[in-house]
Amino acid sequence: MAKLFRAAIMGPPGSGKGTISERIAHSFGLQYLSSGRFIREGIAAKTEAGLLVRSYVERGMLVPDPVVIRLVLPKLEQLSNHSWLLDGFPRTLAQAQALNNLCQLDLVISLNIPYETLRERLSDRWIHPSSGRVYNMSFNPPQVQGKDDVTGEPLIQHDDDKPEALMARLRHYKDVAKPVIDLYKSQGILHSFSGTETDRIWPYINSLLSAKLHTQPSDSRQTQ
Ligand code: G5P
């Protein structure tokens, strides 16, 4: 059996984690898991955990570690024989340590995107709630304005993309991500990518993953 491959993608709100994750999952056949999507599904289904976390998400705050760890780790345990990509988890050192107790990551992608770019993108983001498909009115607009391309159902905006929640999300991200980034840097598995356009960052990530997944020499790593 081919060696399993476990990766995570980190970055502030709107940095393109979801967009790039979809491309990675599509190009490399990794199972894609998003902590934000699990959380939103719980809120939409009004599960016990969903009701508990709703107020955090609406205020742009991180959901408490024990809650999000209980939500994400069982999903990973179910994928013990699969290669996967994890979007949005771990966000904190406690989450990274909990993940480390379950498995060792092979690679962590970190996205560095300027604040102004993030603000512009998120104020223009539209979502198809049941599938999680993401649109942006200039970058990847839907074929029909306000409608999902596949189902034709209406698109919505996240509560946490409103300006006050967005500022709080960006501040939180900076504070809690640093120790996580430092941890993965010290393990030699962190790869950082900077830029203002996903389409310009993507080829670098694509070639990094091609090299990793086809066991080419590790010195073929590239960053922008
Ligand atoms: P999420 O869902 O993990 P965030 O806030 O980290 O949410 P978000 O907002 O989903 O991340 P993203 O995935 O990084 O952003 O970016 P994206 O959706 O792909 O792209 C953003 C927009 O920009 C889209 O409209 C896209 O089309 C567009 N875009 C992409 N690239 C370009 C480009 O090059 N140019 C242009 N013009 N546009 C582009 O988490 C949500 C909440 O859940 C909780 C927290 O409360 C969080 O706020 N949560 C957790 N709490 C604790 N611990 C965890 N591990 C948690 N995970 C989630």
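Numbering of residues starts from 1 in every chain and runs along the sequence as written. A pLDDT threshold of at least 70 governs which residues receive local features in this predicted model, and a stricter bar of 80 or more applies before side-chain atom pairs are shown or counted, although totals over entire chains, interfaces and linings include all residues.

- Identification of the protein chain as GTP:AMP phosphotransferase AK3, mitochondrial from Austrofundulus limnaeus is taken from an unreviewed UniProt entry.
- UniProt positions are given in the numbering used here, feature names are shortened, and annotations may be inferred rather than shown by experiment. The annotation that UniProt attaches to the protein chain under Sequence similarities (unreviewed entry) is "Belongs to the adenylate kinase family. AK3 subfamily."
- Looking at the protein chain in UniProt, the text filed under Function (unreviewed entry) is "Involved in maintaining the homeostasis of cellular nucleotides by catalyzing the interconversion of nucleoside phosphates. Has GTP:AMP phosphotransferase and ITP:AMP phosphotransferase activities."

**Considering the UniProt feature "binding site: GTP" (unreviewed entry) in the protein chain**
Point 1. In the numbering used here, UniProt assigns the feature "binding site: GTP" (unreviewed entry) to Gly14, Ser15, Gly16, Lys17, Gly18, Thr19, Arg125, Val134, Tyr135 and Thr198.
Point 2. By the criteria applied, helices consist of DSSP H or I runs no shorter than four residues and strands consist of E runs no shorter than two, each listed in order from the N terminus. Locating Gly16 in the fold gives a position in the loop between strand 1 (6-10) and helix 1 (17-28).
Point 3. Neighbour counting defines burial: a residue surrounded by 20 or more other C-beta atoms within 10 Å of its own C-beta is buried, one with 12 or fewer is exposed, and intermediate counts give partly exposed, using backbone-placed C-beta atoms. The exposure class of Gly16 is buried, given the 26 C-beta atoms found within 10 Å.
Point 4. If we ignore the near neighbours within four places in the chain, the residues touching Gly16 are Gly11, Leu111, Ile113 and Thr198.
Point 5. Locating Gly18 in the fold gives a position in helix 1.
Point 6. Two residues qualify as being in contact provided that their C-beta atoms, derived from the backbone, are within 7 Å of each other. Apart from the residues lying within four places of it in its own chain, the contact partners of Gly18 are Ser34, Asp87 and Val134.

**Observations concerning the site of the ligand**
Point 1. In the vicinity of the ligand lie 35 residues, with Pro13, Gly18, Gly36, Gly88 and Phe139 positioned nearest.
Point 2. Going through the elements one at a time, helix 1, helix 2 (35-44), helix 3 (48-58), strand 6 (133-136) and helix 8 (198-213) are the ones with two or more residues in the shell around the ligand.
Point 3. Tallied by class, residues from the shell around the ligand come to twelve nonpolar, 15 polar and eight charged. Each residue receives a C-beta atom placed from its backbone. It is near a molecule or strand if this atom lies within 6 Å of it. All residues other than Ala, Val, Leu, Ile, Met, Phe, Trp, Tyr, Cys, Pro, Asp, Glu, Lys and Arg, Gly among them, are scored as polar; the first ten of these are nonpolar and the last four charged.

**Things to note about the nonpolar core**
Point 1. Among the nonpolar cores identified, the biggest contains 35 residues, and Val108 and Ile109 are the most heavily contacted of them.
Point 2. Ignoring sequence-local partners within four residues, the contact set of Ile109 consists of Ala7, Ile9, Met10, His191, Phe193 and Ile205. The term nonpolar core refers to a group of buried residues, namely Ala, Val, Leu, Ile, Met, Phe, Trp, Tyr and Cys, whose C-beta atoms join them within 7 Å.

**Structural notes on the UniProt feature "domain: Adenylate kinase active site lid" (unreviewed entry) in the protein chain**
Point 1. This chain's UniProt record puts "domain: Adenylate kinase active site lid" (unreviewed entry) on residues 125-160.
Point 2. Between the C-alpha atoms that bound residues 125-160 there is a distance of 11 Å. The span itself is 0% helix and 22% strand.

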